[in-house]
Each structure stands twice: as C-alpha cells, then as structure tokens.
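# Fold and geometry: a report
Single-letter residue listing:
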Amino acid sequence: MDVIDFHCHFAGSGIPIDASRGNPPAQKEFWDGVSRRLTQEEALLASLQTAGITSRVINTSLEFVLAPGEEADLDTVRRINDSIADVTHRHSAVLHGLATVDAYRREASARELTRAVRELGLKGVFIESAKGDLLPDAPEARPTFLAASELGVPVFLHPVPDAVLRQKFGRTGKFSERLSRSAINSAALLAMANAGMFEEMPNLNVVVTALALGGLMVGECLADGAQIGKHAFPRRNVYIDTTGLHSVLLRAAVDLVGADHVVMGTDWPVVTETNLPARLTNMFDQCGLGEADRDLIAHANARRLLHV
Ligand SMILES: N/C(=C\C=C/C=O)C(=O)O
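Residues numbered from 1 in each chain as written. Predicted model: local features only at pLDDT ≥ 70, side-chain atom pairs only at ≥ 80, totals over all residues. Heavy atoms only, no water.

## Quick word on the site of the ligand
As a structural note, the neighbourhood of the ligand is formed by His9, Trp31, Glu63, Phe64, His158, Glu177, Arg178, Arg181, Asp267 and Val270. Here an oxygen atom of the ligand sits 3.3 Å away from a polar atom, N or O, in the side chain of His158. With respect to the ligand, the side chain of Arg178 contributes an N or O atom lying 2.7 Å from an oxygen atom. Surface burial for the ligand is 91%, taken as the share of its 300 Å² of free accessible area covered by protein chains. (Near = heavy atom within 4 Å. Polar contact = N/O pair within 3.5 Å; in protein donor to acceptor, adjacent residues only side chain to side chain. Areas by Shrake-Rupley, 256 points an atom, 1.4 Å probe, with all protein chains shown as cover.)

Next up, the structure:
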C-alpha cells in the first residue's frame, strides 16, 4: 500500500529541541525519547520501515523549539526551514518538507514562506493554531495565509498547548492536554470560517488534525449547518488528518469533509505507529470504504495537495 504520513515532526541539525518542556515531570522520559527521534535522521528513516509507509511529510513545530510564550526570531525560523530543506532534498524519495513560520508576524512571515517555497522547494506550511490570544483570522496572520493561497501550498493548522485552557480543564485529569489542543485546533478552523477566509481565498487548502473534529461538527452539523463540510457551497478546502487512527474518527471525517479531503497522518514521533498498511486496511474495512476512497486517504490526497 502506498501510504504518505502527512503529520510528522522533525528538526534538522543545529535546531535546539526540547519536547519535554511544558509537559509533566513524570513524562520526562517519554518526551526525551520524542526529542531524540525528532533530531535523529536515522530514526526518521528507520521509522519508514517500522511504520510500513512510503514517505513522511515533515515539519518543525515551534513548540518543540521555544519555551512557552517565547517569540521565534526570524533567524531561527530561517534556520529551521533551511534544515528541513536540507534533509528533504537528501531524501527526496521518502521525505517531503513543510516550511515553518510564526504566522502571526505579518509580512515578514509571508516573505519567509515565499522564500521557503520558491527558493528551498518546501511543499506547504506548518502554522500554529494560535499565538497567545490570536487565532488565524487575526490581521497579523493574514499576509501568511494570502501567501500560502497565492503560492498554492497547503497550510497544516496544528494544535498548540494552552496553559489557561489546560488549567480550566484540569478536572479532566489526563485528558486536559488533548482537550485543550482539540479546542484550539477547532477554534482556529471556526475562526477562519467565521471571518470568511475560505471565501476570500478559495484556493487556500487547510489541513487540521483529527483533534479539530469537534469544531468541524459544530461548524457543519449545528447552528446553520453545512458551513465548512462537504456539503458547503462553494466547497471549502478543509482537510482533516487521521491522527488517532480510530475507525470512528475516520468515519466521522469522511462523512464531514468527504474521502477526497482526508489525509493519513499519525503525529510521529509523538505517536509511533507500526504496521500502518494492515491497520489502515482494517480501519478502511470497518468504515466500508471502496478502493478509490482508500487510495485518496492513504496517499492521493496528500500527493495532490503537495504536488508530489
Ligand atoms: N502533548 C501532546 C502533543 C504534542 C505535540 C504534538 O504534535 C499530546 O498529544 O499530548
């Protein structure tokens, strides 16, 4: 099975990484392991075999580079993109790179995205769902989204940690981290829909993670309904990944946005899935998907978005 994993993190050489920052001390060993996998090219390449996949789409998430609340300086962002370009060019058959920008830095970020795509050959852009109180509809983020739309590259809208929400959801115990990420990823998508960004930029392709399914359901099934899912007219270019690899999540995603808007994604190396073809086949069987839809989700949608 040809499988492309759209949701993978990596940091090339010279990029300082600490994935344990902001996580509970009891999880330090786990996050130190994530940091190692994030920075070791051999681990990245070996993981393709373990997972049984064709290629990974890699990005450097700023949350692994910066302390909470720390600003990314433009030089760091440029080095991140240079290093993702370096590793993806050396392994172009099995790796595709996304640029990273702090989207909330107006024209400077749009310029860096343009450089990363035009000069470095990166295939899309990784954007954090929020920065402080700012969501993607903020005027500060507009130039970056416009640049992605004009360049014809997809935006991967990734969840971010949120200390205030996590505190608020503290009574949910171990769920508080993912619940807050889920709320932020959902809010980012709905803020874009509410601001009319999909109408303003009809060519813009936005990929959210399965953590945003709640927001997608609110936008599609509640209130006025059909705002952003597959029945919206004109169709919105909202894509969702398969993080969690659960048949219920996949069925919901296909129902909401259509099989032509779902991309396989695992969140490697935070999540280290093995034997993906068998797991995907099982999930596709449970969802009653035909061959054409299986191909779209496993690889064809990602190839179309990334032009690879
Ligand atoms: N902390 C978590 C994820 C961090 C980064 C994902 O890319 C989590 O899921 O608990």
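## As for helix α2 (residues 41-51)
Here α2 has its buried residues at Ala43, Leu44, Ser47, Leu48 and Ala51. The arc enclosing the buried residues of α2, seen along the axis, measures out at 155 degrees, which places them on a common side. For α2, exposure combined with an orientation more than 90 degrees from the buried face picks out Glu42 and Gln49. If you follow the buried residues of α2, they end up packed against α1 (28-39), β2 (55-59), β3 (95-100) and α11 (276-287). Among the residues trailing α2, Gly52 stands out with phi positive, at a value near 75 degrees. (Buried < 20%, exposed > 50% of the residue type's maximum accessible area, 1.4 Å probe, protein only. Helix = DSSP H or I, 4+ residues; strand = E, 2+ residues; numbered from the N terminus. Arc of directions from axis to C-beta. Contact = heavy atoms within 4.5 Å.)

## Quick word on the packing of helix α4 (residues 106-118) against helix α5 (residues 142-151)
The interhelical angle for the contact between α4 and α5, taken along N-to-C directions, is 25 degrees, at an axis separation of 7 Å. Relative to α5, the element α4 is oriented roughly parallel. Handedness of the crossing formed by α4 with α5: right-handed. Here Arg106, Glu107, Ser109, Ala110, Leu113, Thr114, Val117 and Arg118 of α4 lie close against α5, whose contacting residues are Pro143, Thr144, Ala147, Ala148 and Leu151. In terms of residue class, the contact of α4 with α5 is built from seven nonpolar, three polar and three charged. (Axes fitted to C-alpha atoms, helices over the stretch in contact; angles between N-to-C directions. Parallel < 35°, antiparallel > 145°, perpendicular 65-115°, else oblique. Left-handed = near helix turned anticlockwise from the far one by under 90°. Nonpolar A, V, L, I, M, F, W, Y, C, P; charged D, E, K, R; others polar.)

## What about the side chain of Glu220?
Tracing the sequence through the fold places Glu220 in helix α9 (residues 213-221). Within the buried set, Glu220 has no salt-bridge partner at all; the shortest N-O distance to an opposite charge, 8.1 Å, is to Lys230. A polar contact of 3.4 Å, which involves the side chain of Glu220, links it to the backbone nitrogen of Ile228. (Lys, Arg positive; Asp, Glu negative; His and termini not counted. Salt bridge = Lys/Arg side-chain N within 4 Å of Asp/Glu carboxyl O.)

## Observations concerning the sheet that holds β3
Across the sheet, eight strands lie side by side as β1-β2-β3-β4-β5-β6-β7-β8; this open sheet has parallel pairing. On the outer flanks of this sheet lie β1 (4-9) and β8 (262-263), each paired with one strand and no other. As defined by bridge partners, β2 adjoins β3 across three bridges and the pair is classed as parallel. Each residue of the ladder has a partner; that of Ile58, found in β3, is Gly97. (Pairing = 2+ DSSP bridges.)

## Here's the deal with the packing of helix α10 (residues 247-257) against α11
Packing of α10 against α11 leaves a shortest axis separation of 9 Å and a crossing angle of 60 degrees. Taken together, α10 and α11 sit at an angle that is classed as oblique. Considering only the axes of α10 and α11, their crossing is right-handed. For the pair α10 and α11, contact is made by Ser247, Leu250 and Arg251 and by Met283, Phe284, Gln286 and Cys287, respectively. A class-by-class count of the residues in the contact of α10 with α11 yields four nonpolar, two polar and one charged.

## What about the environment of Ala110?
Within the fold, Ala110 resides in helix α4. Ala110 sits in the buried class, given a relative accessible area of 10%. For the pair Ala110 and Leu146, spaced 36 residues apart in the sequence, the C-alpha separation amounts to 8.0 Å. Residue contacts for Ala110: discarding those within four places in its chain leaves Pro143, Thr144 and Ala147.

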